[in-house]
Amino acid sequence: MSLTVVGAAIINDRGQVLAAQRAEPDRLAGGWEFPGGKVEPGERDEAALVRECREELGVEVEVGERLGPDIPLALGRGVLRVWLARALGEPAALEHAALRWLDADSLDDVPWLPADAPLIEELRTRLQAV
Ligand code: C5P
């Protein structure tokens, strides 16, 4: 089965992006990611992104442009597809271990998950333009 995982690079007006630390499973716990999750059968990608942000962060998001290409997930399990987004309200760590707002100079302060890491340099460029 081909899996699409959607992620939100949520950017604020101060040129920061929201990084979320995974609480589970054990092999990913402690790593940092763009919040998001699996697209359900019959669901549009952007709708899944809005749903996941509501579930994980308790906020509505406005989905913007794509960030980077599709990134293959480990073990051939599908792809990670990330969008820039804006949050309408302050995100809360409802399912994550922690949240941090990072600016362009502090993007390397956290260990990103392997699938998310290839997007960081393009994200840095985007943040510098905010
Ligand atoms: O969040 P969820 O557990 O639904 O994500 C499914 C899988 O997608 C995770 O186990 C993880 O391997 C991957 N993922 C990722 N980067 C993200 C979100 C999810 O690598 N930003």
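Residues numbered from 1 in each chain as written. Predicted model: local features only at pLDDT ≥ 70, side-chain atom pairs only at ≥ 80, totals over all residues. Heavy atoms only, no water.

Student: Looking at this model, I keep getting lost on the overall build of the chain. Mind explaining?
Tutor: Along its length, the chain carries two helices and seven strands. Helices and strands appear in the chain in the N-to-C order β-β-β-β-α-β-β-β-α. Judged by the C-alpha coordinates and their principal axes, the chain covers about 40 × 25 × 25 Å. Long-range pairs, those at least 24 residues apart, make up 67% of the contacts in the chain between residues at least 6 apart in sequence. In the structure as shown, the chain presents an accessible area of about 6700 Å², 50% of it carried by carbon and sulfur atoms. Computed over 14 positive and 24 negative side-chain charges, the inter-centroid distance for the chain is 3 Å. (Helix = DSSP H or I, 4+ residues; strand = E, 2+ residues; numbered from the N terminus. Contact = heavy atoms within 4.5 Å. Areas by Shrake-Rupley, 256 points an atom, 1.4 Å probe, with all protein chains shown as cover. Lys, Arg positive; Asp, Glu negative; His and termini not counted. Charge placed at Lys NZ, Arg CZ, Asp CG, Glu CD.)

Student: Just to check I follow, could you spell out the site of the ligand for this structure?
Tutor: Taken together, the neighbourhood of the ligand is formed by 15 residues, with Arg22, Leu28, Glu33, Phe34 and Asp116 sitting nearest. Between the ligand and Asp116 there is a distance of 2.7 Å, counted from a nitrogen atom to a side-chain nitrogen or oxygen. When the ligand sits alone it has 450 Å² of accessible area, and the protein chains cover 86% of it. At three residues, strand β4 (residues 36-38) tops the list of elements feeding residues into the shell around the ligand. Grouping the constituent residues of the shell around the ligand by class yields seven nonpolar, two polar and six charged. (Near = heavy atom within 4 Å. Polar contact = N/O pair within 3.5 Å; in protein donor to acceptor, adjacent residues only side chain to side chain. Nonpolar A, V, L, I, M, F, W, Y, C, P; charged D, E, K, R; others polar.)

Student: Explain the sheet that holds strand β7 (residues 98-103) to me, please; I cannot follow it from the model alone.
Tutor: Two strands in a sheet stick together by hydrogen bonds in their backbones, pointing the same way (parallel) or opposite ways (antiparallel). Taken together, three strands build an open sheet; the order of strands is β3-β2-β7 and the sheet is antiparallel. Here the strands that pair on one side only, and so sit at the sheet edges, are β3 (32-33) and β7. Here two bridges tie strand β2 (residues 16-21) to β3, and the two strands are oriented antiparallel to one another. Note on β3: the bridge partner recorded for Gln21 is Trp32. (Pairing = 2+ DSSP bridges.)

Student: Which parts of the structure should I look at to understand the pairing of strand β1 (residues 4-10)?
Tutor: On a regular strand, each side chain points to the face opposite its neighbour's, so the side chains alternate between the two faces of the sheet. The buried fraction of β1 amounts to seven of the seven residues, a majority that puts the element mostly inside the structure. The alternating pattern of β1 places Thr4, Val6, Ala8 and Ile10 and Val5, Gly7 and Ala9 on opposite faces, both of which are buried. Relative to β4, β1 runs antiparallel, the two sharing three bridges. Within the sheet, the bridge partner assigned to Val6 lies in β4 and is Gly37. (Buried < 20%, exposed > 50% of the residue type's maximum accessible area, 1.4 Å probe, protein only.)

Student: I tried to follow helix α2 (residues 120-128) on my own but got confused; where do I start?
Tutor: Each full turn of the α-helix corresponds to 3.6 residues, which orients residues three or four apart in the same direction. All of the buried residues in α2 are Ile120, Leu123, Arg124 and Leu127. Take α2 and look down its axis: the buried residues cluster within an arc of 105°, on one side only. Residues of α2 that are buried in the fold lie against β1, β2, β5 (60-72), β6 (79-88) and β7. (Arc of directions from axis to C-beta.)

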